[in-house]
Amino acid sequence: MANDPIIIIGAGQCGQKATETLRQQGYEGGLVLIGDEPHAPYQRPPLSKAFLKGEMSLERLMLKGPDYFDQFNIDARLSRWVESIDPAGRRVLLHGGESVAYSKLLLATGTRSRKIPVLPGLDLEGVHYMRTIADVQAIMQALKPETRIAIIGGGYIGLEVASALRSFKHDVTVIEGMERVLQRVVCPQLSDYFHRLHSSRGVAIHVNAVLEAIEGAGRVERIRLRDGQEIDTDMVLMAVGAEPVCELAEQAGLTIENGVSTDETCRTSDPNIYAAGDCSSFFSKRYQRHIRLESVQNAIDQGKHAAGAMLGSAEVYDPVPWFWSDQYEIKLQIAGLSQGYDRTEVEGDETEDAFAVRYFAGDRLLCVDAVNMPRAHMMARRELANLD
Amino acid sequence: MVRITFIQPDGSRREIEAEPGDSVMQAALAHNVEGITAECNGSAACATCHAYFQEDRLGGLDAMAEHENDMLDFAACERRSGSRLSCQVKVTDALDGMTVTLPEMQ
Ligand SMILES: Cc1cc2nc3c(=O)[nH]c(=O)nc-3n(C[C@H](O)[C@H](O)[C@H](O)COP(=O)(O)OP(=O)(O)OC[C@H]3O[C@@H](n4cnc5c(N)ncnc54)[C@H](O)[C@@H]3O)c2cc1C
Ligand code: FES
């Protein structure tokens, strides 16, 4: 059993980083990376940015050069879906019947686009999502110069897509169900700032707007909102968030709490199974609760940590979360998590498009959102790292 | 093709043939050159693609934007006169034969 390979399920950024780290740390045993997408591990952030705009080739989305798997002696099984895990027998079962034994297992299964369960019209042609290369290729194929698009969800991905498509002068509408865009993640001042930014670039934003139906004969022709308003459109992008992929863990009896629950060393409730990246909900000492992050920072850092943990390290994973978002020429950089703040302070000048919002709970700094202010962002990362 | 030689902190050298139009960071990753993390993959948001470019040939590189300049002050390793974010430097003929030294840490 100890001679069985380490298996990683999910060939995304986190799974890739774990394979690289295992080898860098001297692990010479068998290493199997299983992913259902047909591509070698790639970066998702450009999907809603440069790749969608046609400024980046498919090849450049890839995280590693073509000979990576050979160079690092990785048994990569792409286009393969894992059906189930047998934690007692330490085996994973692949679709098609093959079963592979493991010594340690890492779940790096990520997230999937959230689907609104009952929404009339979701099956119409012209309804799209934004998670994978295949999703974006489908969008790019369907886009004609005159295509009108309605983006459901005013979060980071929705707004990034709005900004990318405005550069081609598409007619873009954003439908946000809450009071303001980016409501879950930023303060009202920043929501206003991004709302105005997008309005000034010609995006029609509807807030407090709940999508009730997508309508059309066979393909999308319009959307209908709860207040009765109808908006004609040719394409609908569902960008209403992501949900952790944890069915394998659930079925294996692992503890789930908004993701695959782990301790501070990335270990799940089964001592031979670890979880990292978008799918994992880990205990953070810094925030004194379980948190689940959807970011490149977390995919990379936790992937590394989990690799170390599988090789016996007891190091605690407790990062300063950080994130970025590019919209038009604006660079937003976020350090920390703002949830639970009770006041904010602003640094810099909003009218100059260079400012930062600092979020506090009492005297404790929680988060800094920096708009075109890289110094404020990098200083915040240091400051947050030094808080006990 | 543009030849660029990457020098690791331990002194080992590796020459690659980079494609004009890519950034130096992209060229390095495409050849699995170690020592560049590039977490944000070219958004100038992370400073983990820091590299020391040959100091007597800096004039041939893309000019440095203020954003990059600010980020470089926070790179994990000491900033020197040849410091650049390799994602912000495009591969052009002016780089042919250039050496790029990688820092101890990103
Ligand atoms: C459009 C977009 C833009 C983004 N922009 C940013 C940004 O600007 N900055 C930032 O920090 N982050 C951004 N993110 C988030 C970031 O890309 C993710 O946090 C990161 O990719 C997570 O990596 P992961 O490896 O944990 O999961 P994923 O990338 O989701 O990879 C998991 C993989 O596992 C596969 N899988 C799942 N279950 C199985 C199974 N049973 N069998 C086989 N394979 C399976 C999945 O299909 C998937 O390929 C963005 C994400 C998207 C979608
Ligand atoms: S890759 Fe992030 S700054 Fe260059």
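Reading the values: the criteria
Residues numbered from 1 in each chain as written. Chains lettered and ligands numbered in written order. Predicted model: local features only at pLDDT ≥ 70, side-chain atom pairs only at ≥ 80, totals over all residues. Heavy atoms only, no water. Helix = DSSP H or I, 4+ residues; strand = E, 2+ residues; numbered from the N terminus. Rg over C-alpha atoms; globule rule 2.2 N^0.38 Å. Buried < 20%, exposed > 50% of the residue type's maximum accessible area, 1.4 Å probe, protein only. Contact = heavy atoms within 4.5 Å. Areas by Shrake-Rupley, 256 points an atom, 1.4 Å probe, with all protein chains shown as cover. Lys, Arg positive; Asp, Glu negative; His and termini not counted. Charge placed at Lys NZ, Arg CZ, Asp CG, Glu CD. Axes fitted to C-alpha atoms, helices over the stretch in contact; angles between N-to-C directions. Parallel < 35°, antiparallel > 145°, perpendicular 65-115°, else oblique. Left-handed = near helix turned anticlockwise from the far one by under 90°. Nonpolar A, V, L, I, M, F, W, Y, C, P; charged D, E, K, R; others polar. Pairing = 2+ DSSP bridges. Right-handed = clockwise from strand over helix to strand, strands pointing away. 1 Å grid on protein atoms, 1.4 Å probe; cavity = no way out; pocket = protein on both sides within 12 Å on 5 of 7 lines; lining within 4 Å. Points joined across faces, edges and corners; volume = space filled by probe spheres on them. Core = buried A, V, L, I, M, F, W, Y, C linked by side-chain atoms within 4.5 Å. Phe/Tyr/Trp six-rings, centres within 6.5 Å; stacked < 30°, edge-to-face > 60°. Lys NZ or Arg CZ within 6 Å of the ring centre and 35° of its normal. Arc of directions from axis to C-beta. Near = heavy atom within 4 Å. Polar contact = N/O pair within 3.5 Å; in protein donor to acceptor, adjacent residues only side chain to side chain. Buried area = accessible area lost by both parts, 1.4 Å probe. Salt bridge = Lys/Arg side-chain N within 4 Å of Asp/Glu carboxyl O.

**Student:** Where do I start with the overall build of chain A in this structure?
**Tutor:** Summing up its helical and strand segments, chain A has nine helices and 26 strands in all. Taken against the 2.2 N^0.38 rule, which gives 21 Å for 388 residues, the C-alpha radius of gyration of chain A at 22 Å falls within 12% of a compact globule. Principal axes of the C-alpha set define a box for chain A whose edges measure 60 × 55 × 35 Å. Looking at the 388 residues of chain A, the share that counts as buried comes to 56%. Long-range pairs, those at least 24 residues apart, make up 60% of the contacts in chain A between residues at least 6 apart in sequence. Summed over all atoms, the accessible surface of chain A reaches about 16300 Å², with 48% contributed by carbon and sulfur. Computing the positive centroid from 41 side-chain charges and the negative centroid from 54, chain A places the two 2 Å apart.

**Student:** Hey, could you run me through the packing of helix α1 (residues 13-24) of chain A against helix α8 (residues 296-310) of chain A in this one?
**Tutor:** Two quantities define a packed helix pair, namely the angle between the helix axes and the distance between the axes. Residue and element names in this part refer to chain A. It is the contact of α1 with α8, at a shortest axis distance of 8 Å, that shows an interaxial angle of 40°. Between α1 and α8, the angle is such that the two are oblique. Considering only the axes of α1 and α8, their crossing is right-handed. In this structure, α1 contributes Q13, C14, K17, A18, T21 and L22 to the contact, and α8 contributes V296, A299, I300, G303, K304, A307 and M310. Class assignment for the residues of the contact of α1 with α8 results in eight nonpolar, three polar and two charged.

**Student:** Honestly, the pairing of strand β1 (residues 6-9) of chain A in this entry has me stumped. Any pointers?
**Tutor:** Side-chain direction in a regular strand flips from residue to residue, so the side chains alternate between the two faces of the sheet. Residue and element names in this part refer to chain A. Burial along β1 is two-sided: the face carrying I6 and I8 and the face carrying I7 and I9 are both buried. As judged from the four bridges shared by β1 and strand β7 (residues 104-107), these two strands associate in the parallel manner. Residue I9 lies in a different strand from β7, and its bridge partner there is L107. Two strands pair when backbone bridges link them, and β1 and strand β2 (residues 31-34) are joined in this way by four bridges, in the parallel orientation. Residue pairing across strands places I6 opposite L31, the latter belonging to β2. Of the crossover connections in this fold, the one passing from β1 over α1 to the parallel β2 is right-handed.

**Student:** For this particular structure, what's the right way to read the layout of surface pockets?
**Tutor:** Rolled over the atoms, a probe with the dimensions of a water molecule shows which regions are left empty. Empty space within the second largest pocket amounts to approximately 660 Å³. Among the secondary structure elements, those contributing two or more residues to the lining of the second largest pocket are α5 (156-166), β22 (322-327) and β23 (330-336) of chain A together with α1 (24-30) of chain B.

**Student:** Explain the nonpolar core to me, please; I cannot follow it from the model alone.
**Tutor:** Here is a general trend for soluble globular proteins: nonpolar side chains tend to be buried in one another's company. Formed by 45 residues in total, the largest nonpolar core has its most connected members in L47, L52, M130, I151, L190, F194 and L237 of chain A. With six residues, the single largest contributor to this core is α5 of chain A. Excluding anything up to four places from it in sequence, L190 of chain A contacts F355, V357, Y359, D369 and V371 of chain A. Counting 31 residues, the second-largest nonpolar core is a separate cluster that includes A18, A44, F74 and C87 of chain B.

**Student:** It is not clear to me how the packing of aromatic side chains should be interpreted in this structure. Could you clarify?
**Tutor:** Residues and elements named next belong to chain A. By the definition in use, this model includes eight aromatic pairs over all chains. Geometrically, the ring pair formed by Y193 and F194 is edge-to-face, given 5.3 Å between the ring centres and 90° between the ring planes. Judged by its relative accessible area of 4%, Y193 falls in the buried class. The positively charged end of R201 is found above the aromatic ring belonging to Y328, 4.9 Å away from the centroid.

**Student:** Please explain unusual backbone geometry as it appears in this structure.
**Tutor:** Where the residue is not glycine, phi is negative for most of them; where a peptide bond is considered, it is trans in most cases. For N73 of chain A, which is not a glycine, the phi torsion comes out positive at approximately 50°. By the secondary structure assignment, N73 of chain A is in the loop between α3 (68-71) and β3 (75-77). Its identity as a non-glycine residue notwithstanding, N41 of chain B has a phi of 45°, on the positive side. Along the polypeptide, N41 of chain B turns up in the loop between α1 and β3 (50-53).

**Student:** So what exactly am I meant to see when it comes to the sheet that holds strand β12 (residues 204-206) of chain A here?
**Tutor:** Across a sheet, paired strands are connected by hydrogen bonds in the backbone, their directions being either parallel or antiparallel. Residue and element names in this part refer to chain A. If you walk across this open sheet you meet the five strands as β9-β16-β10-β11-β12, and the pairing is parallel. The sheet terminates laterally at β9 (127-128) and β12, the two strands that pair on one side only. Pairing of β9 with strand β16 (residues 235-238) involves two bridges; the strand directions are parallel. In the strand pairing of β16, H128 is matched with L237. On top of the sheet, α5 reaches β10 (148-152), β11 (171-175) and β16; it is set at about 170° to β11, its chief contact.

**Student:** In this structure, what is going on with helix α4 (residues 133-142) of chain A? I would like to understand it.
**Tutor:** All names here are of chain A. Within α4 the residues assigned to the buried category are I133, D135, V136 and I139. Seen along its axis, α4 keeps its buried residues to an arc of 160°; they face one direction. Those residues of α4 that are buried are in contact with α2 (58-61), β9 and β16.

**Student:** Help me out: how do you make sense of the site of ligand 1 in this one?
**Tutor:** Residues and elements named next belong to chain A. Residues in close proximity to ligand 1 total 32 residues, the closest being D36, E37, R44, K49 and D278. One of the backbone nitrogen or oxygen atoms of Q13 is found 3.2 Å away from an oxygen atom of ligand 1. Within the backbone of C14, one N or O atom sits 2.9 Å away from an oxygen atom of ligand 1. Contact with the protein chains covers 96% of the free accessible surface of ligand 1, which is 1000 Å². Looking at the shell around ligand 1, the elements with two or more residues in it are α1, α8 and β22.

**Student:** Is there a simple way to think about the interface of chain B and chain A in this case?
**Tutor:** When the parts of a complex come together, some accessible area is lost, and that lost area is often used as the size of the interface. Chain B puts 20 residues into the contact, and the matching count from chain A is 28 residues. A combined buried area of about 2200 Å² lies between chain B and chain A, and 50% of that area is made up of carbon and sulfur atoms. By the criterion of area lost to chain A, the three top residues of chain B are N32, E39 and F74 of chain B, representing 32% of everything that side buries. On inspection of chain B and its partner chain A, the count reaches three salt bridges. A salt bridge links D70 of chain B to R375 of chain A; the shortest N-O distance between them is 3.1 Å. Scanning the region where chain B abuts chain A turns up 12 residue pairs in polar contact (both at pLDDT 80 or more). Elements with a minimum of two residues in the side of chain B that touches chain A: α1 and α2 (66-72) of chain B. Along the lines of polarity and charge, the residues of the side of chain B that touches chain A split into nine nonpolar, five polar and six charged.

**Student:** Got a minute to help me understand the sheet that holds strand β18 (residues 260-262) of chain A in this structure?
**Tutor:** Residue and element names in this part refer to chain A. Spatially, the three strands line up as an open sheet ordered β18-β20-β21, and their pairing is mixed. Pairing within the sheet leaves two strands with one partner each, and these edge strands are β18 and β21 (289-291). Strand-to-strand twist in this sheet, taken as the mean axis angle between neighbours without regard to direction, amounts to 30°.

The quantities given are spatial measurements derived from coordinates; they are silent on function.
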